[in-house]
Amino acid sequence: MIDMHCHIVPYTDDGAKDTQTSIEMGRKAESLGYKSILATSHYIVHDNELVNREFVSNIDKLNELYEIEKIDLKVYPANEVFFTNDIVELIQNKKVCTLANSRYVLIELPLFNKIIPMNVYDEFNKLQDAGYIPVLAHPERYDFVTENIETLVTLIESGVLLQANIASISGKYGSQAKKNLKKMLKRNMVHFLGTDSHTTSVYEIYEKCMKKIKKLVNDEERFEKILIENPNHVVNDEKIDIWYPKYK
Ligand SMILES: [Fe+2]
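These numbers come from a predicted model, not from an experiment.

> Which residues make up the overall build of the chain, and what are the values?
Looking only at helices and strands, the chain has nine helices and seven strands in total. At 17 Å, the chain has a C-alpha radius of gyration in line with the 18 Å of a compact globule built from 248 residues. With the C-alpha coordinates aligned to their principal axes, the bounding extent of the chain is approximately 50 × 40 × 30 Å. Each of the 248 residues in the chain was classed as buried or not, and the buried ones make up 43%. Long-range contacts, defined as pairs at least 24 residues apart, comprise 77% of the intrachain contacts of the chain with a sequence gap of at least 6.

If you want it as structure tokens, here you go:
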């Protein structure tokens, strides 16, 4: 199993605060069956601008640390890129990492916009024209999804993939995110799951959440795709067949 969204690199963003936390997070992830982690540290223009080369060397150090600690996990470079207008340039200038250096890019949007910012479509088109595939981080948390979940149908139909946070189903991010995720799972609108762990807390409720998610997906084959096959395609930089949402 691969965690598609995790802030596990120490001293990098608001995730793991030190190496001990990274070790504890790694041990928990391993015990739950994870073999790989995409280290999606925040990249925020003018705020948390990771210099790519330094960031990648931190990941090398973390992999070495896990080897020493006998934690059987492979960590891949990635970023959670906060939406901006020049993502293609940021990738090409090696300021941000795509997911495991693949064609897939994890992008976060502002949480509190009632309507999706119109330049999102333009930026996503630019990414696709340059050969990249946008993956939207935790759509269930956005106000524009609460206002109109059909916006996600438009995004999926334009080739955007969606990554939901496992703990959203517990109410960790509020009752509305929980409701949105339920709808998304029932309507076949989730392509990946991630823990979005910043500490070890999500791992404590992980199994309970996964049980609920599996029940809502209600399709063994699709659940397997979300959990195993799609993340494998990302790490191997392979094409993912898009499935379309159910119309209720
Ligand atoms: Fe995140």
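> Can you break down the sheet that holds strand β7 (residues 192-194) residue by residue, with the values?
Two pairing modes exist for strands in a sheet, parallel and antiparallel, and in both the strands are linked by backbone hydrogen bonds. Reading across from one edge, β1-β2-β3-β4-β5-β6-β7 is the order of the seven strands in this open sheet, with parallel pairing throughout. The open sheet is flanked by β1 (2-6) and β7, the only strands paired with a single partner. Adjacent strand axes in the sheet meet at a mean angle of 30 degrees when their direction is disregarded. One ladder, built from three bridges, connects β1 with strand β2 (residues 36-43); its direction is parallel. Within the sheet, the bridge partner assigned to I2 lies in β2 and is S36.

> Would you mind going over the packing of helix α7 (residues 175-186) against helix α8 (residues 201-217) in detail, with residue names and values included?
Geometry of a packed helix pair, given as the angle between the helix axes and the separation of the axes. As a packed pair, α7 and α8 sit with axes 8 Å apart at the nearest point and diverge in direction by 45 degrees. Considering their axes alone, α7 and α8 lie oblique with respect to each other. Crossing hand, α7 versus α8: right-handed. Together, K182, L185 and K186 of α7 and I213, L216 and V217 of α8 make up the contact between the two elements. By residue class, the composition of the contact of α7 with α8 is four nonpolar, no polar and two charged.

> Requested: an account of the nonpolar core, with residues and values cited.
If you look at the biggest cluster of nonpolar residues, it comprises 72 residues, and the most contacted ones within it are I37, L38, A39, L99, V105, I107 and V135. It is α8 that provides the largest number of residues to this core, a total of six residues. In contact with L38, not counting residues within four places along its chain, are I2, D3, M4, H5, C6, Y76, A78, L99 and A100.

Calculation criteria
Residues numbered from 1 in each chain as written. Predicted model: local features only at pLDDT ≥ 70, side-chain atom pairs only at ≥ 80, totals over all residues. Helix = DSSP H or I, 4+ residues; strand = E, 2+ residues; numbered from the N terminus. Rg over C-alpha atoms; globule rule 2.2 N^0.38 Å. Buried ≥ 20, exposed ≤ 12 C-beta atoms within 10 Å, placed from the backbone. Contact = placed C-beta atoms within 7 Å. Pairing = 2+ DSSP bridges. Axes fitted to C-alpha atoms, helices over the stretch in contact; angles between N-to-C directions. Parallel < 35°, antiparallel > 145°, perpendicular 65-115°, else oblique. Left-handed = near helix turned anticlockwise from the far one by under 90°. Nonpolar A, V, L, I, M, F, W, Y, C, P; charged D, E, K, R; others polar. Core = buried A, V, L, I, M, F, W, Y, C linked by C-beta atoms within 7 Å.

Any functional reading would require information that these geometric values do not contain.
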